[in-house]
Amino acid sequence: MDFFLLVALAATGAYMLNTQQQHRRIALLGRHLQPYQIERLMETLIQGYLRAMGEQDAERRAQVLHMLEGSEAQLCEQFERLVADFRRVPAPLARVSQLPLGLPFALQLFSGASFDMRDALALHARGIARVSRNEAGLAPRDKAFTMTAELLLMQHTCHWFCKSKAVASARVMARHQTAHAQIVASVSPETRSAYMALTGARQ
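Everything quoted here is computed from the prediction, not taken from an experiment. (Residues numbered from 1 in each chain as written. Predicted model: local features only at pLDDT ≥ 70, side-chain atom pairs only at ≥ 80, totals over all residues. Heavy atoms only, no water.)

A. Focus on unusual backbone geometry. If you check the backbone angles, asparagine 134 has positive phi at about 55° while not being a glycine. Along the chain, asparagine 134 falls in the loop between helix 6 (117–133) and helix 7 (140–162). Classification of asparagine 134 by relative accessible area gives partly exposed; the value is 24%. The phi angle at glutamine 177 is positive, at roughly 55°, despite the residue not being glycine. Summarising the element assignment, glutamine 177 is placed in the loop between helix 8 (165–176) and helix 9 (180–186). Residue classification places glutamine 177 among the exposed positions, given a relative accessible area of 56%. (Helix = DSSP H or I, 4+ residues; strand = E, 2+ residues; numbered from the N terminus. Buried < 20%, exposed > 50% of the residue type's maximum accessible area, 1.4 Å probe, protein only.)

B. Representation of the nonpolar core in the model. By size, the foremost hydrophobic cluster in this structure holds 52 residues, and its most contacted members are Ile38, Tyr49, Phe86 and Leu151. Of all the elements in the fold, those that place two or more residues in this core are helix 1 (3–33), helix 2 (38–54), helix 3 (58–86), helix 6, helix 7, helix 8 and helix 9. Setting aside residues no more than four positions away along its own chain, tyrosine 49 makes contact with Leu65, Leu68, Glu72, Ala144, Met147, Thr148 and Leu151. (Core = buried A, V, L, I, M, F, W, Y, C linked by side-chain atoms within 4.5 Å. Contact = heavy atoms within 4.5 Å.)

C. A look at the packing of helix 6 against helix 7. Running from N to C, helix 6 and helix 7 cross one another at 170°; their axes reach a closest spacing of 10 Å. The pairing of helix 6 with helix 7 is recorded here as roughly antiparallel in orientation. The way helix 6 lies across helix 7 gives a crossing that is left-handed. The residues of helix 7 that touch helix 6, namely those facing Met117, Ala120, Leu121, His124, Gly127, Ile128, Val131 and Ser132, are Lys143, Thr146, Met147, Glu150, Leu151, Leu153, Met154, Thr157, Cys158 and Phe161. (Axes fitted to C-alpha atoms, helices over the stretch in contact; angles between N-to-C directions. Parallel < 35°, antiparallel > 145°, perpendicular 65-115°, else oblique. Left-handed = near helix turned anticlockwise from the far one by under 90°.)

D. Helix 3, seen in detail. Its 29 residues give helix 3 an end-to-end C-alpha distance of 40 Å, which sits within 8% of 42 Å, the value for a rise of 1.5 Å per residue. Considering bend angle alone, the principal kink of helix 3 is centred on glutamate 69 and spans about 35°. Between a side-chain oxygen at the N-terminus of helix 3 and the backbone nitrogen of glutamate 59 the separation is 3.3 Å; the capping residue is aspartate 57. (Expected span 1.5 Å × (residues − 1). Bend = angle between axes of the 7 residues up to and from the residue. Polar contact = N/O pair within 3.5 Å; in protein donor to acceptor, adjacent residues only side chain to side chain.)

E. The arrangement of the environment of leucine 29 in detail. Inspection of the secondary structure puts leucine 29 in helix 1. Spatially, the C-alpha atoms of leucine 29 and phenylalanine 161 are 8.6 Å apart, while their sequence positions differ by 132 residues. When sequence neighbours within four positions are dropped, the list of residues in contact with leucine 29 reads Phe86, Cys158, Phe161 and Cys162.

F. Summary view of the side chain of arginine 61. Within the secondary structure layout, arginine 61 lies in helix 3. Buried charge without a salt bridge: arginine 61, with glutamate 55 as the nearest opposite-charge side chain at an N-O distance of 7.0 Å. From its side chain, arginine 61 meets the backbone oxygen of glutamate 55 in a polar contact 2.7 Å long. If near-sequence neighbours (up to four positions away) are discounted, arginine 61 is found in contact with Ala52, Glu55, Gln56 and Arg141. (Lys, Arg positive; Asp, Glu negative; His and termini not counted. Salt bridge = Lys/Arg side-chain N within 4 Å of Asp/Glu carboxyl O.)

G. Highlighting the packing of aromatic side chains. Using the criterion set out here, one finds 2 aromatic pairs in the structure. Ring centres of phenylalanine 86 and phenylalanine 161 lie 6.0 Å apart, and the angle between their planes is 85°; on these two criteria the pair is classed as edge-to-face. Residue phenylalanine 86 is found in helix 3, and its partner phenylalanine 161 is found in helix 7; the two are separated by 75 residues along the sequence. For phenylalanine 161, a relative accessible area of 1% gives the class buried. Plain terms: the ring middles of phenylalanine 115 and tryptophan 160 are 5.0 Å apart, the flat faces sit at 75° to each other, and that makes the pair edge-to-face. Of this pair, phenylalanine 115 sits in strand 2 (residues 114–116) while tryptophan 160 sits in helix 7, and the two are 45 residues apart along the sequence. Here phenylalanine 115 and tryptophan 160 have matching classes, each one buried. (Phe/Tyr/Trp six-rings, centres within 6.5 Å; stacked < 30°, edge-to-face > 60°.)

Structure below.
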């Protein structure tokens, strides 16, 4: 058989296997997200924070942020429940490849280059709750900025689990015009330290 035909068949097979694996991960995360309104709450908060940060009037900005406090509390509560639910996922199904691109059998072939999505969701829950409580005593605009980064990083991790790190980074750049490294640099120091230790990510 022609060498180039073999290469084409192998590439097609690898692509199909990788796509199947990605669809299974998307379905797995989707089943766990389905009972909650986490995605809607995130969208509400991110848009609200952007609006608040664009307000020049401090009083008006404070009003916008105050209106978002209920959504913050709901998100924290629902995300904690998601973390508890996802803890029941078997360990092999919760592994995330640290390779930049999605490859079939990457978790089996490079098992050491991976992290646990259950731990990743838990660290994001802690980070979101920490900023919501404003433990660092940030000014309102700084708190909104940091919380936005926390939410975007969590969203990046979910895309990473479903697809790959490269796809996740491309999506957050396309949707929010923000690089992954910039998001990592903008979250709370506690989240950044835990995230880099778990995922092996670099700023």
